[in-house]
Amino acid sequence: MEPSFERPFPALTPAQRYHFDVNGYVVAPDVLSGEECDALKEAMQRTKRDIRSRAPGYEPRLDEATFRMDHPHHVFISDLRAADPLFTAYVTHPRLVGMAEEVMGGEARIVEFNAHINSRHPNYVPGEPAKFDFHNGIDVPYGSHVKHGLFHCCFVKTLSNLTDLGPDDGGTVVVAGSHKIDLPVEDMVARAYEDRSLIHQVIAPAGSTLLFAETLIHGTGQIRSDKERVIIIGGYGGTMFPYWGGREMSPEFAADIPPRFKTLFDGKAHWTRGPRYRNLTDPVDPRHFTLADGWHPNA
Ligand SMILES: O=C(O)CCC(=O)C(=O)O
């Protein structure tokens, strides 16, 4: 019999869940081991080199990732789901899917899958107050709801840093608490620049995961150090959402998806969204999951 897709529920401790509700995000440590970060980083650098080496006018095959942004100091790579088996394993990692589903309050599908490799901006001026590319992915009234007193959002990201992020290493920045405030984004961003204590920045060792609701205003942090930052980002939405990463899966990749991961990759054209809700004090599901528990194509 085909095994079921085991993922933790609840995936957050009560304190992590409370932090998430207050701020719109939480950083979970030790989601990936050092070896897993190194392997993913290597695969990411290989993917970057492969894309860079394509001849002008090269038409990528369906399963190949592409650059969404290509600057010497910053590449934004999209559509990673089939570009390397390790990436597929990342986006199907049970702990990550479990965290996304807990915030959604229902079953998830992958809606986008990206990475950023970036270093200090060439126009960086030491001492000048940083400005950020602040944005959100869905508005509060449409994207969120409350159940059992807890906040939920139908579009969620899990962003894992594969490199250590100290205070000068460009961790993601967010406007704390904006995930539940239905005001114009530009007004909230202006307030955050007036009172920068509202801007929280991810400072975390490699292998940590920033989980956030896409109603939260967020953006790329400012790198002041000499270090390169590598992050990998799964975007998850309700099962009736489309994949909006841009590129379709190849028929060969789609045909290989084990039945237990089908909904995660394909969604479902149906209203039954598999609702599932925790109470704040429910203890975390303590099972330990690794990249090996995700799907490795061709394994
Ligand atoms: O680069 C980052 O840290 C943030 C990425 C981001 O803004 C996004 O995925 O929407």
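See the structure printed just above.
Starting afresh in each chain, residues are numbered from 1 along the sequence in its written order. In keeping with the predicted nature of the model, local features appear solely for residues at pLDDT of at least 70, side-chain atom pairs appear and are counted solely at 80 or more, and the whole-chain, interface and lining totals rest on all residues. To obtain the side-chain values, all non-hydrogen atoms of the structure were included, while hydrogens and water were left out.

### Topic: the sheet that holds strand E2 (residues 66–71)
- Think of it this way: DSSP has to see at least two bridges between two strands before they count as a pair. Note on conventions: DSSP H or I runs of at least 4 residues are helices, E runs of at least 2 residues are strands, and numbering of each starts at the N terminus. Read from one edge of the open sheet, seven strands run E1-E10-E7-E12-E4-E3-E2, paired in antiparallel fashion. A single partner strand is all that each edge strand has here, and the edge strands are strand E1 (25–28) and E2. Put simply, the sheet's adjacent strands are angled 15° from each other on average, direction ignored.
- One ladder, built from 10 bridges, connects strand E4 (residues 108–118) with strand E12 (residues 229–238); its direction is antiparallel. Bridging from a neighbouring strand, alanine 108 pairs with glycine 238 of E12. Only C-alpha atoms enter the line fits that serve as axes; for helices the fit covers just the stretch in contact. Angles between N-to-C directions range over 0 to 180 degrees.

### Focus: empty space enclosed by the protein
- Throughout, the protein atoms alone are placed on a 1 Å grid, and a set of points is a cavity if a 1.4 Å probe fits but cannot get out or a pocket if it is open with protein on both sides within 12 Å along at least five of seven lines; lining residues have an atom within 4 Å of a point. Grid points are joined across faces, edges and corners, and a volume is the space filled by probe spheres set on the points. All told, the structure shown has two cavities of 30 Å³ or more when counted by the stated rule.
- Estimated volume of the largest cavity: approximately 40 Å³.
- Forming the walls of the largest cavity are Val27, Leu159, Asn161, Leu165, Thr172, Val202, Ser208, Thr209, Leu210, Arg229 and Ile231.
- Residue assignment for the lining of the largest cavity shows that the elements contributing at least two residues are strand E7 (155–161), strand E10 (209–213) and E12.
- Considered class by class, the residues forming the lining of the largest cavity number six nonpolar, four polar and one charged.
- For the second largest cavity, the calculated volume is near 30 Å³. For this classification, Asp, Glu, Lys and Arg are treated as charged, while Ala, Val, Leu, Ile, Met, Phe, Trp, Tyr, Cys and Pro are nonpolar and the rest, including Gly, are polar.

### Some points on the pattern of salt bridges
- For salt bridges, the criterion is a side-chain nitrogen of Lys or Arg within 4 Å of an Asp or Glu carboxyl oxygen. Within this structure, the stated rule accounts for 17 salt bridges.
- Between aspartate 38 and lysine 41 there is a salt bridge, with the nearest N and O atoms lying 3.6 Å from each other. Taken together, the positions of aspartate 38 and lysine 41, both in helix H2 (residues 34–52) and three residues apart, correspond to about one turn of that helix.
- Partly exposed residues are those whose accessible area sits between 20% and 50% of the maximum for their type, while under 20% is buried and over 50% is exposed, using a 1.4 Å probe and protein chains only. For aspartate 38, a relative accessible area of 41% translates into the label partly exposed.
- What you see here is one network of salt bridges that share partners, running through Arg17, Asp21, Glu102 and Arg278.

### Considerations on the packing of aromatic side chains
- Any two of the Phe, Tyr and Trp rings considered here, Trp counted by its six-membered ring, make a pair once their centres fall within 6.5 Å; the pair's planes then place it as stacked at under 30 degrees, edge-to-face at over 60, or tilted in between. What the rule picks out here adds up to 10 aromatic pairs.
- Considering the side-chain rings of tyrosine 90 and phenylalanine 113, the 6.1 Å spacing of their centres and the 15° angle between planes classify their relative orientation as stacked. You can see tyrosine 90 sitting in helix H3 (residues 85–91) and its partner phenylalanine 113 sitting in strand E4, a full 23 residues away along the chain. One exposure class covers both tyrosine 90 and phenylalanine 113, and it is buried.
- A connected cluster of aromatic rings, assembled from ring pairs, spans Phe132, Phe134 and Tyr193.
- A ring has a charge above it when a Lys NZ or an Arg CZ is no more than 6 Å from the ring centre and no more than 35 degrees off the ring normal. Over the ring of tyrosine 277 we find lysine 147, and its NZ or CZ is 5.6 Å from the ring centre.

### Things to note about the nonpolar core
- We call a set of buried Ala, Val, Leu, Ile, Met, Phe, Trp, Tyr and Cys residues a nonpolar core when their side-chain atoms join them within 4.5 Å. In terms of nonpolar packing, the biggest core is built from 57 residues, with Leu40, Met44, Ile77, Tyr236 and Phe265 touching the most fellow members.
- Beyond its immediate sequence surroundings of up to four residues, methionine 44 is in contact with Ile77, Leu80, Phe87, Ala115, Ile117, Val230 and Ile232. Any two residues whose heavy atoms approach within 4.5 Å at even a single point are treated as in contact.

### Considerations on the site of the ligand
- Residues are counted as near a molecule or strand when any one of their heavy atoms sits within 4 Å of it. In the neighbourhood of the ligand, the contacting residues comprise His116, His135, Lys157, Thr172, His218, Thr220, Arg229, Ile231 and Ile233.
- Within the contact set of the ligand, an oxygen atom lies 3.0 Å away from a side-chain nitrogen or oxygen of histidine 135.
- Polar contacts, as counted here, are pairs of nitrogen or oxygen atoms within 3.5 Å of one another; within protein the pair requires one atom able to donate a hydrogen and one able to accept it, and residues that are adjacent in sequence qualify only if both atoms are side-chain atoms. In the model, an oxygen atom of the ligand is placed 3.0 Å from a nitrogen or oxygen of the histidine 218 side chain.
- Given that more than half its atoms are within 2 Å of the pocket grid, the ligand belongs to the largest pocket.
- Among the elements that line the shell around the ligand, the one with the most residues is E12, at three residues. Any molecule with more than half of its atoms within 2 Å of a cavity's or pocket's grid points is counted as sitting in it.

### Describing unusual backbone geometry
- Each neighbour pair has its own omega, and for phenylalanine 9 with proline 10 the value is -10°, a cis peptide bond.
- Summarising the element assignment, proline 10 is placed in the segment before helix H1 (14–23).
- Notably, aspartate 79 is not glycine yet its phi reads approximately 65°, a positive angle.
- As for its placement among the helices and strands, aspartate 79 is situated in the loop between strand E3 (74–78) and H3.
- Of the residues examined, aspartate 79 reaches a relative accessible area of 5% and is grouped as buried.
- Positive phi outside glycine occurs at histidine 148, with the angle close to 55°.
- Summarising the element assignment, histidine 148 is placed in the loop between strand E5 (144–147) and strand E6 (150–153).
- What makes histidine 148 partly exposed here is its relative accessible area of 44%.

### Details of the side chain of asparagine 161
- Take asparagine 161: it is sitting in strand E7.
- Looking at asparagine 161, its side chain comes within polar contact range of the main-chain oxygen of threonine 163, at 3.0 Å.
- Separated by 3.1 Å, the side chain of asparagine 161 and the backbone oxygen of alanine 204 make a polar contact.
- For asparagine 161, the contacting residues outside a window of four places in its chain are Cys37, Ala204, Pro205, Ala206, Gly207, Ser208, Val230 and Ile231.

So far we have only geometry, and geometry alone does not tell us how the molecule works.
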